Amino acid sequence: MSVRDVAQADAGIAPVTLRPVTWRDIPRLADIETELFGPEAWSEATWWAELAGRPRREYLALVDGDDTLAGYAGLDHGGEVADVMTVAVVPSRRGAGLGDRLVAELVRRAAATNAEAVLLEVRADNAAAVRLYARQGFEQVAVRRHYYRPAGPPVVAGAAGVGAGSTDALVMRLALAPDDKSSVSRVGRDEQR
Ligand SMILES: CC(C)(COP(=O)(O)OP(=O)(O)OC[C@H]1O[C@@H](n2cnc3c(N)ncnc32)[C@H](O)[C@@H]1OP(=O)(O)O)[C@@H](O)C(=O)NCCC(=O)NCCS
């Protein structure tokens, strides 16, 4: 795997480079998370823990020429199934294919292991993300009712008060063609967005 993959930008859009997320990105990532995800944002502590999970966890950043973060995404290499941990593009850079590029790269990296499928959970009301994943070939395989609370972590099924204001999670899956897979394998997973 090359350390840096230069991604060709769409016409009129500044070129972006794909590189691994490092600890130096953590303060900025936590800021972006707060802006994008509010109460569900990953804190700096969460990012430290996620980066400590490498190489099972793999996080990629899309950066401009001056290394400004335009987006990021992460994968858990769990063996037969790779889980998408997060995908995000900063608001000012949306609608230019960066989300597609990030998801396509996650799929490519999952396919480079022994993964047979890529799995993810997405809020049912996140239309832009659901469209993005569907465009990339993901299919809905399950619904987790009342999975997201209005604020806070995923709810426990059957817990008191579940329902009011909560949002379903769609579980989406992409099967990887056997030809896409190499002989490299990795292991394991945890908190997922
Ligand atoms: C979901 C998200 C990652 C999409 O990122 P993005 O960079 O805007 O994604 P894309 O640019 O690839 O696609 C967005 C739209 O732009 C369109 N588009 C892509 N390239 C384009 C281009 N060159 N010109 C015009 N439109 C384009 C796509 O067709 C798509 O259209 P749609 O809205 O009708 O589906 C982004 O909205 C985001 O970060 N949301 C907040 C975080 C989040 O919800 N993450 C998912 C958690 S599971």
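Relevant structure appears above.
Small disclaimer: the values here were computed from a predicted structure and weren't measured.

What follows concerns helix H2 (residues 44-52). If you check which residues of H2 are buried, you get Thr-46, Trp-47, Glu-50 and Leu-51. The arc that holds every buried residue of H2, seen down its axis, measures 130°, which confines them to one face. Seen from the buried face of H2, the exposed residues on the opposite side, beyond 90 degrees, are Ala-45 and Ala-52. In this structure, the buried residues of H2 make contact with helix H1 (26-37), strand E3 (57-63), strand E4 (69-77) and strand E5 (81-89).

So, about the packing of H1 against H2. In the contact formed by H1 and H2, the axes pass within 9 Å of each other and the chain directions differ by 125°. In terms of axis orientation, H1 runs oblique to H2. For the element pair H1 and H2, the recorded crossing hand is right-handed. Residues Ile-26, Pro-27, Leu-29, Ala-30 and Glu-33 of H1 pack against Glu-44, Trp-47, Trp-48 and Leu-51 of H2. The residue inventory of the contact of H1 with H2, partitioned by class, reads 7 nonpolar, no polar and 2 charged.

Looking at the ligand, there are 19 residues lining it, with Val-87, Val-89, Gly-97, Asn-126 and Arg-131 nearest. At 2.7 Å from a nitrogen atom of the ligand is found a main-chain nitrogen or oxygen belonging to Val-87. In the model, an oxygen atom of the ligand is placed 2.9 Å from a nitrogen or oxygen of the Gly-99 main chain. The protein chains hide 71% of the 940 Å² of surface that the ligand would expose on its own. Those elements that provide at least two residues to the shell around the ligand are E5, helix H3 (98-111) and helix H4 (127-135). Of the residues that constitute the shell around the ligand, the class distribution is 10 nonpolar, 4 polar and 5 charged.

This brings us to unusual backbone geometry. Glycine aside, residues mostly have negative phi angles, and peptide bonds mostly take the trans form. Cis geometry is adopted by the peptide bond preceding Pro-55, which originates at Arg-54 and carries an omega value of 10°. Not every positive phi belongs to a glycine, and Asp-67 is a case in point at roughly 70°. Here Asp-67 shows up in the loop between E3 and E4. You can call Asp-67 partly exposed: its relative accessible area is 39%. With a phi angle near 55°, His-146 is a residue other than glycine that sits in the positive phi range. Relative to the helices and strands, His-146 resides in strand E7 (residues 139-148). Judged by relative accessible area, which is 31%, His-146 ranks as partly exposed.

Relative to the helices and strands, Phe-138 is located in the loop between H4 and E7. Here the alpha-carbon distance between Phe-138 and Leu-174, two residues 36 residues apart in the chain, equals 4.5 Å.

How each quantity is defined
Residues numbered from 1 in each chain as written. Predicted model: local features only at pLDDT ≥ 70, side-chain atom pairs only at ≥ 80, totals over all residues. Heavy atoms only, no water. Buried < 20%, exposed > 50% of the residue type's maximum accessible area, 1.4 Å probe, protein only. Helix = DSSP H or I, 4+ residues; strand = E, 2+ residues; numbered from the N terminus. Arc of directions from axis to C-beta. Contact = heavy atoms within 4.5 Å. Axes fitted to C-alpha atoms, helices over the stretch in contact; angles between N-to-C directions. Parallel < 35°, antiparallel > 145°, perpendicular 65-115°, else oblique. Left-handed = near helix turned anticlockwise from the far one by under 90°. Nonpolar A, V, L, I, M, F, W, Y, C, P; charged D, E, K, R; others polar. Near = heavy atom within 4 Å. Polar contact = N/O pair within 3.5 Å; in protein donor to acceptor, adjacent residues only side chain to side chain. Areas by Shrake-Rupley, 256 points an atom, 1.4 Å probe, with all protein chains shown as cover.

Keep in mind these values describe shape, not function.
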